[in-house]
Amino acid sequence: ADGWCEEMSALMLKGWKMLGEQCPDTGKVPLMQHPVSGRKLSVATGRYTDQPRAPPHAASSPQPVPAAPHPAPVAPRAPAPPPS
């Protein structure tokens, strides 16, 4: 919840308005209104209210994380020649 407060504060400093409407999904945070487009954003869900919700099964099944690429093998160095 503290993270939401920080995010809403940062948005207000950028000109966003805090509305008297609550997030329709969580009911836990006020909606924020974009200063130019007027779109309403919920910081709790991270999406605008006019965006479609994710299907319920998508939220419960974690997405696979791609494996990190393996580093290229490094060839061993030859010993330095003795000083002449």
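Residues numbered from 1 in each chain as written. Predicted model: local features only at pLDDT ≥ 70, side-chain atom pairs only at ≥ 80, totals over all residues. Heavy atoms only, no water.

Novice: Can you help me understand the overall build of the protein in this one?
Specialist: In terms of helices and strands, the protein carries two helices and four strands. When the elements of the protein are put in sequence order from the N terminus, they spell out α-β-β-β-β-α. Burial status across the protein gives 17% buried among its 84 residues. (Helix = DSSP H or I, 4+ residues; strand = E, 2+ residues; numbered from the N terminus. Buried < 20%, exposed > 50% of the residue type's maximum accessible area, 1.4 Å probe, protein only.)

Novice: It is not clear to me how the pairing of strand β2 (residues 30-33) should be interpreted in this structure. Could you clarify?
Specialist: Regular strands have side chains that alternate between both faces of the sheet. Judged from the three bridges that link them, strand β1 (residues 17-22) and β2 form a sheet pairing that is antiparallel. Across the sheet, lysine 17 pairs through a bridge with glutamine 33, a residue of β2. The sheet contact formed by β2 and strand β3 (residues 40-42) spans two bridges and is antiparallel. What sits directly across from methionine 32, in β3, is leucine 41. Hairpin connection of β2 to β3: six residues between the antiparallel strands, including glycine 38 at a positive phi of 80 degrees. (Pairing = 2+ DSSP bridges.)

Novice: What should I look at first to understand the confidence of the model for the protein in this one?
Specialist: When pLDDT is low, close inspection of the predicted coordinates is not appropriate. Averaged over the protein, the pLDDT score is 79; the fraction of residues at 70 or greater is 67%. Averaged over each element, pLDDT in the protein is lowest for helix α2 (residues 56-60) (53) and highest for β1 (95). (pLDDT = per-residue confidence, 0-100.)

Novice: Where do I start with the environment of glycine 27 in this structure?
Specialist: Structurally, glycine 27 can be placed in the loop between β1 and β2. We classify glycine 27 as partly exposed; its relative accessible area is 45%. For the pair glycine 27 and alanine 44, spaced 17 residues apart in sequence, the C-alpha to C-alpha distance is 9.2 Å.

Novice: What exactly am I supposed to notice about the side chain of arginine 47 here?
Specialist: Inspection of the secondary structure assignment puts arginine 47 in strand β4 (residues 47-48). Overall, the relative accessible area of 15% leaves arginine 47 in the buried class. Looking at arginine 47, its side chain comes within polar contact range of the side chain of aspartate 25, at 2.3 Å. Of the polar contacts made by the side chain of arginine 47, one reaches the backbone oxygen of glutamine 51; its length is 3.1 Å. In contact with arginine 47, not counting residues within four places along its chain, are Asp25, Lys40, Leu41, Ser42, Pro52 and Arg53. (Polar contact = N/O pair within 3.5 Å; in protein donor to acceptor, adjacent residues only side chain to side chain. Contact = heavy atoms within 4.5 Å.)

Novice: Any chance you could explain the side chain of serine 42 here in plain terms?
Specialist: Looking at the element boundaries, serine 42 is found in strand β3. A polar contact of 3.2 Å, which involves the side chain of serine 42, links it to the backbone nitrogen of alanine 44. The contact partners of serine 42, leaving out residues within four places of it in the chain, are Cys23, Val29, Leu31 and Arg47.

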